[in-house]
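# An overview of the molecular structure
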Amino acid sequence: NLLTATGAAGLAGLAVGAGAGHALADRRLGEENEHALAPARSRAGDRDGMPPALRSPTPSQVQLVAVDLRADAGEPTREAARRVLRTWGREIRALHEQGLHTRVEGAPTQGLLPASLGITLGLGASLLDRAGAGDRIPPHMEEIPAFATDSLEPAWCGGDLLLHVAAEDPVVASSAVGHLVGAVAGDVRPRWSLPGFQRSAAAADDPTATPRNLMGQIDGTVNPRSSDPLFGPQVLAAHPEPSLAWMDGGSYLVVRRIRMLLDDWYSLDPGDREAVIGRRLSTGAPLGGGAEDDLPDLAAAGEDGEPVIPRDAHIRLASPENTLGARMLRRGYSYDLGWDAGGHRQAGLIFTAWQADPRTGFTPVQRALDEGGDALHPYVRHEGSALFAVPPVRDGDPWAAHDLFP
Ligand code: HEM
């Protein structure tokens, strides 16, 4: 398990290259090992199939690229879909195992370590539809409903296929993306792409600490841990039925491109910023609590009788108590594209939510935030949205579902 190519090669590379990285890499290896020792349940509990994007800790760089099959291929779309998936399956495996410069002479990664490169492949419902496999679309992939607070740009939504490429190094990530898109350029057209980042291991005192987003909040505290028995049922898809076996043990990924209105945000007093979320900026502790991992006391009231965690606080509205127990694994990356021609900062959160079923994960939570008047909403804009099925990795093959397009 640990010895899949990205895990072993990437982590070993980090240990050699990072100078003070031995302790860090040891900690990472320890964490991965814990996963490896977790008892297997059904296939949905089989961590071997977990997409690289779900490994922890998350590398500091990510690139998301959504592509569409070209409509002008002049042959059945199914052929093109099959060709793209076969090529990506082969190339992703080779990049994980050997690195780009062993495949492409003169590649930018010459002299670089593997840097924990992890490439994850997602399939949109539109791909299956266009390739004549509409009957294999899981009901889990029903379209995410529109929300009153959406500001979606069609150009930043959807996609037939997604590449999620993460690495500790931006050159490794960027050149892998370039290689993979280039390898299928005759069959696909990029639809949208977004590079993102998190604090790097070099800058983090404690690389296992929950990272902060560009609003300065500790973001990702309440998340299923992979050592948690509920991780499988909440995050990994269970599909015993043969027609959906291609997704058994995979995960459904919701991506939202969420711009942050950072000038407005930082014009708030720090206390007001804390009330918006319901947690302290310094420690991430819930208001009324003392430490990040303390359970929020949603019933606590102050001397004035008002709730300590405000009625419209983000964590109250998003809590399982308010969303019929909805659960997902949230992995946030920041993006920062500078300022557009109109002087608006194009920066925010690449919100990714991984779950066994978006209908009982992302959707009810977003509905609760939308309808409940989330106090965070005036400071963010949901500008992009997409849903992908991420099949399980089998024997190192990110695309093992070859029977999907017979
Ligand atoms: C919790 C920030 C969007 C779902 C939190 C927390 C922060 C945060 C700081 C508290 C710490 C933690 O548990 O991670 C943000 C920001 C967003 C955003 C800045 C947008 C830019 C969303 C969206 C959803 C979501 C779109 C899902 C539809 C949740 C959930 C929790 C949470 C489920 C945990 C609630 C609990 O305590 O049980 N968010 N969030 N967030 N957020 Fe968000």
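Residues numbered from 1 in each chain as written. Predicted model: local features only at pLDDT ≥ 70, side-chain atom pairs only at ≥ 80, totals over all residues.

As recorded by an unreviewed UniProt entry, the chain carries the name Dyp-type peroxidase and is attributed to Nocardiopsis codii. On record in UniProt, under Sequence similarities (unreviewed entry), the comment for the chain is "Belongs to the DyP-type peroxidase family." Regarding the chain, the relevant UniProt record gives this comment under Cofactor (unreviewed entry): "heme b". (UniProt positions renumbered as here; feature names shortened; annotations may be inferred.)

### Some thoughts on the overall build of the chain
Of the regular secondary structure elements, the chain holds ten helices and eight strands. Burial status across the chain gives 46% buried among its 406 residues. At a minimum sequence separation of 6, the contacts of the chain that also span at least 24 residues come to 76%. (Helix = DSSP H or I, 4+ residues; strand = E, 2+ residues; numbered from the N terminus. Buried ≥ 20, exposed ≤ 12 C-beta atoms within 10 Å, placed from the backbone. Contact = placed C-beta atoms within 7 Å.)

### So, the site of the ligand
Taken together, the neighbourhood of the ligand is formed by 27 residues, with Gln 217, Thr 221, Val 222, Ala 318 and Gln 366 sitting nearest. A per-element tally of the shell around the ligand places helix α10 (residues 362-372) first, with four residues. Split into classes, the residues belonging to the shell around the ligand amount to 16 nonpolar, seven polar and four charged. (Near = placed C-beta within 6 Å. Nonpolar A, V, L, I, M, F, W, Y, C, P; charged D, E, K, R; others polar.)

### Points about the packing of helix α3 (residues 77-98) against helix α5 (residues 170-183)
One way to put it is that α3 packs onto α5 with a least axis distance of 10 Å and a crossing angle of 155°. In terms of orientation, α3 lies roughly antiparallel with respect to α5. The handedness of the crossing between α3 and α5 comes out as right-handed. Between α3, through Thr 87, Trp 88, Glu 91 and Leu 95, and α5, the contact on the second element is made entirely by Ala 176, His 179, Leu 180 and Ala 183. (Axes fitted to C-alpha atoms, helices over the stretch in contact; angles between N-to-C directions. Parallel < 35°, antiparallel > 145°, perpendicular 65-115°, else oblique. Left-handed = near helix turned anticlockwise from the far one by under 90°.)

### What to know about the nonpolar core
If you look at the biggest cluster of nonpolar residues, it comprises 91 residues, and the most contacted ones within it are Val 165 and Ala 176. Among the elements that make up this core, the one with the highest residue count is α3 (seven residues). Sequence-distant contacts of Ala 176, defined by excluding residues within four places in its chain, comprise Leu 95, Leu 100, Leu 117, Ile 119 and Val 165. (Core = buried A, V, L, I, M, F, W, Y, C linked by C-beta atoms within 7 Å.)

### As for the UniProt feature "domain: Dyp-type peroxidase C-terminal" (unreviewed entry) in the chain
The feature "domain: Dyp-type peroxidase C-terminal" (unreviewed entry), as annotated in UniProt, sits at residues 210-393 in this numbering. Taken end to end, residues 210-393 is 18% helix and 23% strand, and its two terminal C-alpha atoms sit 26 Å from one another.

### Details of unusual backbone geometry
Residue Ser 56 is joined to Pro 57 through a cis peptide bond whose omega torsion reads -5°. Its place among the elements puts Pro 57 in the loop between α2 (21-37) and β1 (61-69). Phi at Ser 116 takes a positive value of approximately 55°, unusual for a residue other than glycine. You can call Ser 116 buried: it has 28 C-beta atoms within 10 Å. In this model, Leu 324 sits at a positive phi of 55°, which is unusual for a non-glycine residue. Structurally, Leu 324 is set in the loop between α9 (314-318) and β6 (329-339). According to the C-beta neighbour criterion, Leu 324 is exposed, with 10 such atoms within 10 Å.

### Some thoughts on α10
Turning to α10, its buried residues number three or more, namely Phe 362, Thr 363, Val 365, Gln 366 and Leu 369. Each buried residue of α10 sits inside an arc of 165° when the element is viewed along its axis, so together they form one side. Each element contacted by the buried residues of α10 is listed here: β5 (251-260), α9 and β7 (345-355). (Arc of directions from axis to C-beta.)

### Considering the environment of Gly 325
By the secondary structure assignment, Gly 325 is in the loop between α9 and β6. Counting along the chain gives 122 residues from Gly 325 to Ala 203, while the straight-line C-alpha distance between them is 36 Å.

### Here we look at the pairing of strand β3 (residues 161-167)
Most of β3 sits out of view: seven of its seven residues are buried. Here β3 shows two buried faces, one formed by Leu 161, Leu 163, Val 165 and Ala 167 and the other by Leu 162, His 164 and Ala 166. As defined by bridge partners, β1 adjoins β3 across seven bridges and the pair is classed as antiparallel. Bridge pairing links Ala 66 to Leu 162 in β3. In this structure, strand β2 (residues 118-123) lies alongside β3, joined through six bridges in antiparallel fashion. When the sheet's bridge partners are listed, Ile 119 is paired in β3 with Val 165. (Pairing = 2+ DSSP bridges.)

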